[in-house]
Amino acid sequence: MTWQPYPDLFSPVDRDAEPVWSISSRALFLDALDDAMIEVIERRLTEPGAPEAMVQLRVLGGAMARVPGDETAFGWRDQPVLLWLITPYEEMGRAAAIEAWTAAFRADLPPAGAATYVNFMGAEDTDAVRGAYPAPAYARLRELKRRYDPDNVFRANHNIPPAVTTSG
């Protein structure tokens, strides 16, 4: 395990010169980081045969938390810490094994609520996408989707389906 400055983690890539890579990731909000959680992180990152993985801890709050959670799509601004588990890989044939390892790592961490950060989500399901937004923000985004993309053309990412209109 080594500490690296952030720019060294994601330096610009010339896609013509380097192989394409992918990541398996999980994100969760934490109230605190205790010794037991640090032990799990250290053990998992250094276990024999572990893929190259990293954990980012982002301290939230401050000016960001002064914006009410229902005023933006990123509404979990009042959470103290965001943990992002990232497992990059280049061998696409190992995708299932890497995903399983990342899921097992996440399972070793404390259970968290449904809230997550949408930009760090992996291959989560519809309920997880809903959990990326507070209920008022999710409803507002569905209404915007209904108005501007009623056919759900833009659905390839973590999809928010258009709101359904009801006739009375």
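Details of the structure are given in the entry above.
This report concerns the structure included in the present document. Quick caveat, the model's predicted, so the values are computed rather than measured. (Residues numbered from 1 in each chain as written. Predicted model: local features only at pLDDT ≥ 70, side-chain atom pairs only at ≥ 80, totals over all residues. Heavy atoms only, no water.)

This paragraph deals with the overall build of the protein chain. In terms of helices and strands, the protein chain carries five helices and three strands. Listing every helix and strand of the protein chain by position from the N terminus yields α-β-α-β-β-α-α-α. Residue burial in the protein chain is summarised as follows: out of 168 residues, 32% are buried. In the protein chain, the proportion of contacts linking residues at least 24 apart, taken out of those at least 6 apart, comes to 68%. As displayed, the protein chain offers around 10,600 Å² of accessible surface, 54% of which is attributable to carbon and sulfur atoms. (Helix = DSSP H or I, 4+ residues; strand = E, 2+ residues; numbered from the N terminus. Buried < 20%, exposed > 50% of the residue type's maximum accessible area, 1.4 Å probe, protein only. Contact = heavy atoms within 4.5 Å. Areas by Shrake-Rupley, 256 points an atom, 1.4 Å probe, with all protein chains shown as cover.)

Attention now goes to unusual backbone geometry. Phi is positive for N152, close to 55°, though the residue is something other than glycine. By the element assignment, N152 lies in the segment after α5 (135-148).

To continue, consider the packing of helix α2 (residues 35-46) against helix α3 (residues 95-108). Between α2 and α3, whose axes approach to 10 Å, the crossing angle comes to 160°. The pairing of α2 with α3 is recorded here as roughly antiparallel in orientation. For α2 against α3, the interelement crossing comes out right-handed. For the pair α2 and α3, the contacting residues are V40, I41, R43, R44 and L45 in the first and W101, A104, F105 and D108 in the second. Of the residues contributing to the contact of α2 with α3, the split by class is six nonpolar, no polar and three charged. (Axes fitted to C-alpha atoms, helices over the stretch in contact; angles between N-to-C directions. Parallel < 35°, antiparallel > 145°, perpendicular 65-115°, else oblique. Left-handed = near helix turned anticlockwise from the far one by under 90°. Nonpolar A, V, L, I, M, F, W, Y, C, P; charged D, E, K, R; others polar.)

Position of S24 relative to the elements: it lies in strand β1 (residues 22-30). Of the polar contacts made by the side chain of S24, one reaches the side chain of E99; its length is 2.6 Å. Residues within four places of S24 in sequence aside, it is in contact with L85, I86, T87, Y89, I98, E99 and T102. (Polar contact = N/O pair within 3.5 Å; in protein donor to acceptor, adjacent residues only side chain to side chain.)

Another aspect to go through is the sheet that holds β1. The three strands are arranged β1-β3-β2 in an open sheet whose pairing can be described as antiparallel. What marks the edges here is a single partner per strand, and that holds for β1 and β2 (54-59). With direction set aside, neighbouring strand axes in the sheet form an average angle of 20°. Summarising the sheet, β2 and strand β3 (residues 81-89) pair through six bridges and their orientation is antiparallel. Of the residues in β3, the one forming a bridge with L57 is L83. Helix-sheet contacts for α2 involve β1, β2 and β3, and the interaxial angle to β2 is about 150°. α3 contacts β1, β2 and β3 of the sheet and is inclined by roughly 10° relative to β1. (Pairing = 2+ DSSP bridges.)

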